[in-house]
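# Residue-level structural notes
Here are the chains, one letter per residue:
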Amino acid sequence: MTASSKPSAKSNSDAATATTEPTGYAGYGEFVKDELAAQDARKASFEQRGQTVITTAGTLVTLLFALAALSTRQAATFMLPHTARTWLLIGLAFFFASAIAALITNAPLVYQVVPVEKVRDRLNRETPPTAGRAAKAIALTRLDALASAKKRNAIKGWALAIAFGLEALAVGCVAIAVSKIL
């Protein structure tokens, strides 16, 4: 075999790439599909962390009430300092607001799904679309779902950030109250 008749390593690589990577509209469809999967993972992460905020807020509120009960049982004449009481009440309000924000991360927001009738209509057409047109339609359908997921996940992300911030404020208020008691 002569050097000119040997297939080059580059052409073999190009052929392998052409058969493994989608091209044209199919490539966009795969890209959007991957982005949609990332948004699904992001949604699950927000929801899990929102549940964590609710759990920790509940635990901290329980500790807050235990502290209040303990401080009033120490002596029959014990009076909770007014400033400590104020900080505890503010902290309790922040815990409550934090829990509400965290619940929003688990709210069943409506995410756009693939419209079944639209797909059924396309499948029932007498003349099937070309591969390129079908790939484009699939990519556009996935893109609509991706846009919806990003909007809904932004709501969940902001709610989670607010929940964390409010919980941090609540912990700070309880810390100030404890310092006033001690």
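Everything below is about the structure shown above.
Residues numbered from 1 in each chain as written. Predicted model: local features only at pLDDT ≥ 70, side-chain atom pairs only at ≥ 80, totals over all residues. Heavy atoms only, no water.

Per the stated rule, a full pass over the model turns up zero aromatic pairs. If you follow lysine 43 out to its NZ or CZ, it ends over the ring of tyrosine 111, 5.3 Å from the centre. (Phe/Tyr/Trp six-rings, centres within 6.5 Å; stacked < 30°, edge-to-face > 60°. Lys NZ or Arg CZ within 6 Å of the ring centre and 35° of its normal.)

The next thing to look at is the environment of tyrosine 111. Note that tyrosine 111 resides in the loop between α3 (82-105) and α4 (116-123). By relative accessible area, which is 17% here, tyrosine 111 ends up buried. Separated by 41 residues in sequence, tyrosine 111 and arginine 152 have C-alpha atoms that sit 7.0 Å apart. Discounting residues that sit within four places of it in the chain, tyrosine 111 has contacts with Lys43, Ser148, Ala149, Arg152, Asn153 and Lys156. In this structure the side chain of tyrosine 111 is engaged in a polar contact, spanning 2.6 Å, whose partner is the side chain of asparagine 153. (Helix = DSSP H or I, 4+ residues; strand = E, 2+ residues; numbered from the N terminus. Buried < 20%, exposed > 50% of the residue type's maximum accessible area, 1.4 Å probe, protein only. Contact = heavy atoms within 4.5 Å. Polar contact = N/O pair within 3.5 Å; in protein donor to acceptor, adjacent residues only side chain to side chain.)

Inspection of the secondary structure puts glutamate 47 in helix α2 (residues 24-73). Contact partners of glutamate 47, with chain neighbours within four places excluded, come to Thr105, Asn106 and Lys156.

Once that is clear, we can look at the side chain of glutamine 39. Turning to its location among the elements, glutamine 39 is positioned in helix α2. When sequence neighbours within four positions are dropped, the list of residues in contact with glutamine 39 reads Leu146, Ala149, Lys150 and Asn153.

Right, let's talk about the nonpolar core for a bit. Ala57, Val61, Leu64, Ala84, Leu88, Phe95, Ala170, Val174 and Ala177 form the largest nonpolar core, which has nine residues in total. Every element with two or more residues in this core is listed here: α2, α3 and α5 (131-181). Beyond its immediate stretch of four places on either side in the chain, leucine 64 contacts Leu88, Leu92 and Val174. (Core = buried A, V, L, I, M, F, W, Y, C linked by side-chain atoms within 4.5 Å.)

Here we take up a nonpolar patch on the surface. Residues Phe96, Ile100, Leu103, Ile104 and Ile155 make up a contiguous nonpolar surface patch of about 470 Å² in total accessible area. Counting residues per element, the nonpolar patch draws most heavily on α3, which supplies four residues. Within the fold, isoleucine 100 resides in helix α3. Among the residues examined, isoleucine 100 registers a relative accessible area of 39% and is labelled partly exposed. (Patch = residues over 30% accessible without salt bridge, like charges linked within 9 Å, V, L, I, M, F, W, Y side chains within 5 Å. Areas by Shrake-Rupley, 256 points an atom, 1.4 Å probe, with all protein chains shown as cover. Salt bridge = Lys/Arg side-chain N within 4 Å of Asp/Glu carboxyl O.)

Packed helices, taken two at a time, are described by the angle between their axes plus the distance between the axes. It is the contact of α3 with α5, at a shortest axis distance of 7 Å, that shows an interaxial angle of 165°. It follows that α3 is roughly antiparallel to α5 by the angle criterion. Where α3 crosses over α5, the two elements pack in a sense that is left-handed. In terms of residue class, the contact of α3 with α5 is made up of 24 nonpolar, four polar and three charged. (Axes fitted to C-alpha atoms, helices over the stretch in contact; angles between N-to-C directions. Parallel < 35°, antiparallel > 145°, perpendicular 65-115°, else oblique. Left-handed = near helix turned anticlockwise from the far one by under 90°. Nonpolar A, V, L, I, M, F, W, Y, C, P; charged D, E, K, R; others polar.)

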